[in-house]
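Each chain, written out:
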Amino acid sequence: MSTPAAWSRGYPVAEPYPPAWHGFQSPAHLRATLAMMGVAWEVGPETPLRIAEIGCGSGYSANVLAAGCPAAEVIGFDYNPAHIAEARSFAAEAGLSNVRFEETDLAELDGPALEALPAFDLVLVHGLWSWVDDRVRDGVLRLLRRRLQPGGVVLMTYNAMPGAATGLALWRLVRSMLANAPPGSAPLGSDAFGAARAQVERLVAAEARNLLPSVWRSMLMGEMGDARPGYLLHEFATEHWRPAFFADVAAAMGSARCEYAGSATLSENFPSMTLSGGQQALWREAPDQAARELITDLCVPRAFRRDVYVRGIRRVGAEAASDAITLLPTSLRQGEVKLVAQAGEAALPPHIIGPMREALLQGPQTIAALRALPGCGGATPQETLAMLVGSHVAMPMWQHPGAVTADSVAAARRMNAASMRRLAPHGVSPLAGEGSRLALATPVLGGGLFADPLEVAVATLMAQHPPGPDGAVDVPALMDRLVPPGPTPPPEALAGVQEAVLGVLRQRWPLWRAMGIA
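Presented here is an overview of the structure given in this document.

## Considerations on the overall build of the protein
- Helices and strands together make up the secondary structure of the protein, namely 22 helices and 14 strands.
- Computed over C-alpha atoms, the radius of gyration of the protein comes to 23 Å, within 12% of the 24 Å expected from 2.2 N^0.38 for 518 residues, which places it in the range of a compact globule.
- Viewed in the frame of its principal axes, the protein has a C-alpha envelope of about 65 × 65 × 55 Å.
- Going through the 518 residues of the protein one by one, you find that 53% of them count as buried.
- Accessible surface, the protein as shown: approximately 21,600 Å² in total, 55% of it carbon and sulfur.
- Seen as two clouds, the 41 positive and the 48 negative side-chain charges of the protein have centres 3 Å apart.

Pasting the structure below:
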């Protein structure tokens, strides 16, 4: 493998990090998380939030946030100049005026350059902490100490111990093989990762006792789809992959006066949804927060944490705060609804989830209104919020669809059009890779609605070429715009694409219209 650039601090920079969006990054989701945990965060769509994304990569998430939060100022920081150039180009193409990107080495950020930054209300540190050296971690903490507002929120995600321990030996093996690849071999192609995959296959066949099943083994073996080279490099080629214990991260965050508020994975805030009966007894006996989190991390097969911190927690009534959260539907699919949590998979009661889902399809609903439906008041507001969001029936609303301005809708649609052109031309995403987690930006959600490449393309084309007065969709014309120029694909391939498009129109288009996406 080629030697890392001298400025890279041991992190691979030969390939860009693949673009992806996660709903837990939005201020709407984080506001709901804090409400559920009884923590005040008095923000809304009119709040001029200042949001920082540290380690923003090519800027996709920051651009989605800017399009979804038009009143906010978003700043993305990354030390890779190629990432920053791409992020700025993307923002310019989308016509976003409320986002900027700074080429910044956090290990060196201090003095006047640090003091010149605005005071932030929200700082996102997603997928960075476990992959960088101590100088960069210190830079993150220095920024939080001096540029995070009192009452400001931090999303800190990281590979967590002991769950991530199963990946440490594999990381050492693969990184060693990449580093010792023969001169002239292709470090990002079959020569390097293919050889590592073959070696792992041989070890698994030989029943290597300490090469345990893990998400990293599945990723390398292709059991989770074909991962992009940039993501494989992120996971296996960095010098500084260091999964962390909760207590160590909490102590570091404490040096910035930030306190742990809860998990952005809502169900993980409930021992009943996370632990068995015996495990819950141990959890209740633990003397403090760090001990409880360690019990949880020892008991659940979790290698990744999504922790939310606040710089100066103010307590509010969790039930009242949760009851006030407004939700929107995210799916029209009928049938059984399941909540998949750490404690297992459970079907939600049809006599409760059915009326709630029907009410949501009529328009935005508060948790209080949903619980007031006949027979639906058995769960607490917090449990109701966790069940509906965790089962992907609904998402927290940021701004009522009727209050979104035409300019904000236009900006979000420009963002989605740029996403289609760059990341999902003709409904496929060669850059983001298989299983891409893209988004359709909308101010209604304060970020984006998860979408695969086909959905991004169809939604953008529907926004650009809306149906006529009768509401009928010209499917042949839509297919003509979707299919790339050149030789006509085989009839069976076209039929498969059209079937997929019709499914998208049935299941997603009504939701897009309600959110102003298309």
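## Considerations on helix H20 (residues 475–482)
- All of the buried residues along H20 are Val475, Ala477, Leu478, Met479 and Leu482.
- Here the buried face of H20 lies against helix H19 (453–464) and helix H21 (491–507).
- Measuring from the backbone nitrogen of Ala477 back to the side-chain oxygen at the start of H20 gives 3.2 Å, which picks out Asp474 as the cap.

## Section: the pattern of salt bridges
- For the coordinates displayed, the defined rule picks out 25 salt bridges.
- Its salt-bridge partner being Glu115, residue Arg146 comes within 2.8 Å of it at the nearest N-O pair. Placement of the pair is Arg146 in helix H5 (residues 134–147) and Glu115 in helix H4 (residues 111–115), with a sequence separation of 31 residues.
- Here Lys338 ties to Glu336 by a salt bridge, and the two come within 3.8 Å at their closest N and O atoms.
- In the salt-bridge network here, residues are joined through shared partners; they are Glu268, Glu293, Asp297, Arg302, Arg305 and Asp307.

## So, empty space enclosed by the protein
- Within the structure shown, the criterion is met by 2 cavities of 30 Å³ or more.
- At the level of elements, helix H18 (406–423) and strand E13 (438–442) are the ones that each hand at least two residues to the lining of the second largest cavity.

## A few points about a nonpolar patch on the surface
- A contiguous nonpolar surface patch, about 270 Å² in accessible area, is contributed by Phe245, Leu294 and Leu298.
- For Leu298, the location among the structural elements is in helix H13 (residues 289–299).

## A word on the layout of surface pockets
- What the second largest pocket holds in volume is close to 300 Å³.
- Along the walls of the second largest pocket sit 19 residues, with Met37, Asn269, Trp283, Gln289 and Glu293 positioned nearest its centre.
- For the lining of the second largest pocket, the secondary structure elements donating two or more residues are strand E6 (259–263), helix H11 (271–274) and H13.
- Within the lining of the second largest pocket, the residues separate by chemical class into 7 nonpolar, 6 polar and 6 charged.

## Quick notes on the packing of aromatic side chains
- If you walk through the whole model with that rule in mind, you get 7 aromatic pairs.
- For the pair Trp7 and Tyr79, a centre-to-centre distance of 5.5 Å together with 75 degrees between the ring planes defines the contact as edge-to-face. On the criterion of sequence distance, the pair formed by Trp7 in the segment before helix H1 (27–36) and Tyr79 in the loop between strand E2 (73–78) and helix H3 (81–94) is long-range, its members being 72 residues apart.
- On the basis of relative accessibility, which here comes to 40%, the residue Trp7 falls in the partly exposed class.
- Relative to Tyr260, the ring of Phe246 has its centre 4.9 Å away and its plane inclined at 80 degrees; by these criteria the two rings are edge-to-face. Within this pair, whereas Phe246 is found in helix H10 (residues 246–254), its partner Tyr260 is found in strand E6, the two being separated by 14 residues in sequence.
- On the accessibility criterion, Phe246 (3% relative accessible area) is buried.
- Exposure remark for Tyr260: the relative accessible area of 14% places this residue in the buried category.
- What links up through ring pairs into an aromatic cluster is the set Trp171, Trp216 and Trp241.

## Here's the deal with the pairing of strand E3 (residues 99–103)
- Note that E2 and E3 share 5 bridges and pair parallel. The partner of Ile75 across the bridge, within E3, is Arg100.
- As a crossover connection, the stretch from E2 through H3 into E3 is right-handed.

## Regarding the packing of H19 against H21
- With their axes 10 Å apart at the nearest point, H19 and H21 run at an angle of 70 degrees to one another. Classified by the angle between their axes, H19 and H21 sit roughly perpendicular to one another. For the crossing formed where H19 meets H21, the hand is right-handed. Seen from H19, the contacting residues are Leu454, Glu455, Val458 and Met462; seen from H21, they are Ala500, Val501, Val504 and Leu505.
- Broken down by class, the residue content of the contact of H19 with H21 amounts to 7 nonpolar, no polar and 1 charged.

## Notes on the pairing of strand E8 (residues 326–329)
- Burial along E8 is two-sided: Thr326 and Leu328 facing one way and Leu327 and Pro329 facing the other are all buried.
- Bridge analysis of E8 against strand E11 (residues 365–366) gives 2 bridges, and the strand direction is antiparallel. Each residue of the ladder has a partner; that of Thr326, found in E11, is Thr366.
- In this sheet, strand E12 (residues 394–396) lies alongside E8 in antiparallel orientation, the contact comprising 3 bridges.

## Examining H13
- Among all positions of H13, only Glu293, Thr296 and Asp297 are buried. In an axial view of H13, the angular spread of the buried residues amounts to 95 degrees, which keeps them on one side of the axis.
- Of the surrounding elements, those touching the buried residues of H13 are H10, E6, H11, helix H12 (277–285) and strand E7 (304–310).

Calculation criteria
- Residues numbered from 1 in each chain as written.
- Predicted model: local features only at pLDDT ≥ 70, side-chain atom pairs only at ≥ 80, totals over all residues.
- Heavy atoms only, no water.
- Helix = DSSP H or I, 4+ residues; strand = E, 2+ residues; numbered from the N terminus.
- Rg over C-alpha atoms; globule rule 2.2 N^0.38 Å.
- Buried < 20%, exposed > 50% of the residue type's maximum accessible area, 1.4 Å probe, protein only.
- Areas by Shrake-Rupley, 256 points an atom, 1.4 Å probe, with all protein chains shown as cover.
- Lys, Arg positive; Asp, Glu negative; His and termini not counted.
- Charge placed at Lys NZ, Arg CZ, Asp CG, Glu CD.
- Contact = heavy atoms within 4.5 Å.
- Polar contact = N/O pair within 3.5 Å; in protein donor to acceptor, adjacent residues only side chain to side chain.
- Salt bridge = Lys/Arg side-chain N within 4 Å of Asp/Glu carboxyl O.
- 1 Å grid on protein atoms, 1.4 Å probe; cavity = no way out; pocket = protein on both sides within 12 Å on 5 of 7 lines; lining within 4 Å.
- Points joined across faces, edges and corners; volume = space filled by probe spheres on them.
- Patch = residues over 30% accessible without salt bridge, like charges linked within 9 Å, V, L, I, M, F, W, Y side chains within 5 Å.
- Nonpolar A, V, L, I, M, F, W, Y, C, P; charged D, E, K, R; others polar.
- Phe/Tyr/Trp six-rings, centres within 6.5 Å; stacked < 30°, edge-to-face > 60°.
- Pairing = 2+ DSSP bridges.
- Right-handed = clockwise from strand over helix to strand, strands pointing away.
- Axes fitted to C-alpha atoms, helices over the stretch in contact; angles between N-to-C directions.
- Parallel < 35°, antiparallel > 145°, perpendicular 65-115°, else oblique.
- Left-handed = near helix turned anticlockwise from the far one by under 90°.
- Arc of directions from axis to C-beta.

Spatial relationships are all this shows, so hold off on functional conclusions.
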